[in-house]
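Architecture and fold: a report
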Amino acid sequence: MGVYLCQSHWERFTRTGAGGIRTLNAVTPERAEQYVAGMDRDPGMSAGTIKKHIGLLHLVWGTLLPGSPNPWNGLRSAKAKTHRGARRLTTEECRALYGAAAGDWRTLIVIGYTTGLRLVDACLLEWSMVDDAAGILLVKARKTQRHTVNSPPLSIPVTDQLRSVLSTQDHAGAHVMPTVAALYLRDAPAVSKHLGTI
């Protein structure tokens with residue numbers, strides 16, 4: 001883990017998790033659990049990122065307070081506990097999913113299939129990221145955004161299939177798929193759950 005990431009994880013804990021605690025030995029297992037639960041509620045944090053946060057904090061406590069109870073022992077993200085692993089869908093599964101979906105959900109499936117965007121980036125795609133004239137999407141990946149502040153956005157070609165689906169979407173709001181975006185912002189895991197019911 002790079003120095004920048006360690007510093008970023010530590011600053012997040014001191015900013016949001018310490019809550020007035022002045023010494024390391026004052027952090028209880030309950031307080032550590034509350035901090036992890038807060039990260040679990042953050043739709044921008046993946047199970048892997050949370051695992052890294054917990055690992056760093058476990059290391060800090062173990063190094064600075066050797067022999068003392070470590071409040072980070074045994075803690076895991078609820079996201080990691082529910083994650084069953086991902087696999088690629090077959091072409092037949094994609095066709096079946098596309099055929100069963102409607103509206104914003106159908107658009108989400110086409111965006112995912114044709115661009116390979118992460119779910120968060122697909123769900124929160126904005127019209128300002130769609131360059132019709134150039135036939136590309138200009139996307140700053142949210143997962144790496146804080147580490148690549150000055151880097152240019154990803155340039156993703158818009159296929160004919162995606163162009164056709166995008167032309168059916170209402171351009172009134174900021175998001176390409178307002179229904180999906182609203183659900184993702186309110187309850188990110190609900191998007192995956194809904195996709196599993198199609």
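The rules behind each value
- Residues numbered from 1 in each chain as written.
- Predicted model: local features only at pLDDT ≥ 70, side-chain atom pairs only at ≥ 80, totals over all residues.
- Heavy atoms only, no water.
- Helix = DSSP H or I, 4+ residues; strand = E, 2+ residues; numbered from the N terminus.
- Buried < 20%, exposed > 50% of the residue type's maximum accessible area, 1.4 Å probe, protein only.
- Contact = heavy atoms within 4.5 Å.
- Areas by Shrake-Rupley, 256 points an atom, 1.4 Å probe, with all protein chains shown as cover.
- Core = buried A, V, L, I, M, F, W, Y, C linked by side-chain atoms within 4.5 Å.
- Axes fitted to C-alpha atoms, helices over the stretch in contact; angles between N-to-C directions.
- Parallel < 35°, antiparallel > 145°, perpendicular 65-115°, else oblique.
- Nonpolar A, V, L, I, M, F, W, Y, C, P; charged D, E, K, R; others polar.

Another point: the overall build of the protein. When helices and strands are counted, the protein shows 10 helices and three strands. Going residue by residue from the N terminus, the α and β elements of the protein occur as α-α-α-α-α-α-α-β-β-β-α-α-α. By the burial criterion, 34% of the 198 residues in the protein qualify as buried. Contacts spanning at least 24 positions in sequence make up 56% of the contacts within the protein whose residues lie at least 6 apart. Carbon and sulfur atoms make up 55% of the accessible area of the protein, which totals about 11,900 Å².

Our next topic: the nonpolar core. Within the largest apolar cluster, 32 residues are counted, with the highest numbers of intra-cluster contacts made by Leu108 and Leu137. When residues of this core are traced back to their parent elements, those giving at least two are helix 6 (103-115), helix 7 (119-123), strand 2 (136-139), helix 8 (160-167), helix 9 (178-186) and helix 10 (188-197). If one sorts the elements of this core by residue count, helix 6 sits on top with five residues. With residues near it in sequence (within four places) discarded, Leu108 still touches Leu119, Ala122, Cys123, Met177, Val180, Val191 and Leu195.

Two elements in contact, helix 9 and helix 10, have axes whose closest approach is 5 Å; the angle formed by their N-to-C orientations is 125 degrees. Classed by the angle they form, the pair helix 9 and helix 10 counts as oblique. Listed contacts from helix 10 to Val180, Leu183, Tyr184 and Arg186 of helix 9 are Ala188, Ala190 and Val191. Tallied by class, residues from the contact of helix 9 with helix 10 come to six nonpolar, no polar and one charged.

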